[in-house]
Amino acid sequence: QVQLVESGVGLVQPGGSLRLSCVASGRTLSSYAWFRQAPGKERGFVAAIRGSGVTYYADSMKGRFTLSRDNAKNTVYLQMNSLKPEDTAVYYCAADPNVVRIVSFASLYDYWGQGTQVTVSS
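Residues numbered from 1 in each chain as written. Predicted model: local features only at pLDDT ≥ 70, side-chain atom pairs only at ≥ 80, totals over all residues. Heavy atoms only, no water.

Asks: Whenever I open this one, the state of the cysteines confuses me. Can you help?
Replies: Each disulfide consists of one covalent bond between the sulfur atoms belonging to two cysteines. Applying the stated rule across the entire model yields one disulfide. Across the disulfide from C22 sits C93; the S-S distance is 2.0 Å. Looking along the S-S bond of the C22-C93 disulfide, the torsion reads about -80 degrees, which is the left-handed sense. Of this pair, C22 sits in strand β3 (residues 18-25) while C93 sits in strand β9 (residues 89-96), and the two are 71 residues apart along the sequence. Here C93 falls in the buried class, since its relative accessible area comes to 0%. (Disulfide = S-S within 2.5 Å. Helix = DSSP H or I, 4+ residues; strand = E, 2+ residues; numbered from the N terminus. Buried < 20%, exposed > 50% of the residue type's maximum accessible area, 1.4 Å probe, protein only.)

Asks: Is there a simple way to explain the pattern of salt bridges in this structure?
Replies: Two side chains with opposite charge may pair up if their charged atoms get near one another. Enumeration according to the criterion identifies three salt bridges in this entry. Between R36 and D87 there is a salt bridge whose closest N-O contact spans 2.8 Å. Taken as a pair, R36 in strand β4 (residues 31-37) and D87 in the loop between β8 (75-80) and β9 lie far apart in primary sequence, 51 residues in all. Pair check on accessibility: R36 and D87 agree, each one buried. The salt bridge involving D87 is made with R64; its shortest N-O contact spans 2.7 Å. (Salt bridge = Lys/Arg side-chain N within 4 Å of Asp/Glu carboxyl O.)

Asks: Teacher, can you tell me more about the sheet that holds β3 here?
Replies: Working definition: the strands of a sheet are paired by backbone hydrogen bonds and lie parallel or antiparallel to each other. A sheet is described by the order of its strands in space; here four strands give the open sequence β1-β3-β8-β7, paired in antiparallel fashion. Of all strands in the sheet, those bounded by a partner on one side alone are β1 (3-7) and β7 (65-70). Between one strand axis and the next, the sheet turns by 15 degrees as a mean value, whatever way the strands run. Both β7 and β8 contribute to a ladder of six bridges, which runs antiparallel. Looking at β8, one finds that D70 is bridged to T75. (Pairing = 2+ DSSP bridges. Axes fitted to C-alpha atoms, helices over the stretch in contact; angles between N-to-C directions.)

Asks: Hey, could you run me through the environment of F65 in this one?
Replies: Within the element layout of this structure, F65 appears in strand β7. For the pair F65 and V12, spaced 53 residues apart in sequence, the C-alpha to C-alpha distance is 15 Å. Residues contacting F65, with those up to four places away along its chain left out, are R36, V46, Y57, L78, Q79, M80, N81, L83, D87 and Y91. (Contact = heavy atoms within 4.5 Å.)

Below is the structure:
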């Protein structure tokens, strides 16, 4: 049974930083991504990383967020800097054992974490 466990729940002030982690267990996974969902909004793409290490980011995250992976630990890390109030959302880790062709399509990922709340507020 595959499990994705996220950590890094936090309340941070605007301009601050936070790192989210996602640890996978149960099988080796190739593609990882983060999505987020704010109240009243649809779940949206944040960032993705392939097994090769190539990363992709939503436009509003470029230059602020960095996604990395540690294959030995089956863990991905989302470093979020220069956080804004509009970054407030529940963040979800997603993963798939195969190469995901269109990384921003949530429906292409087989496995999901339970979500972790990030609140950016003064």
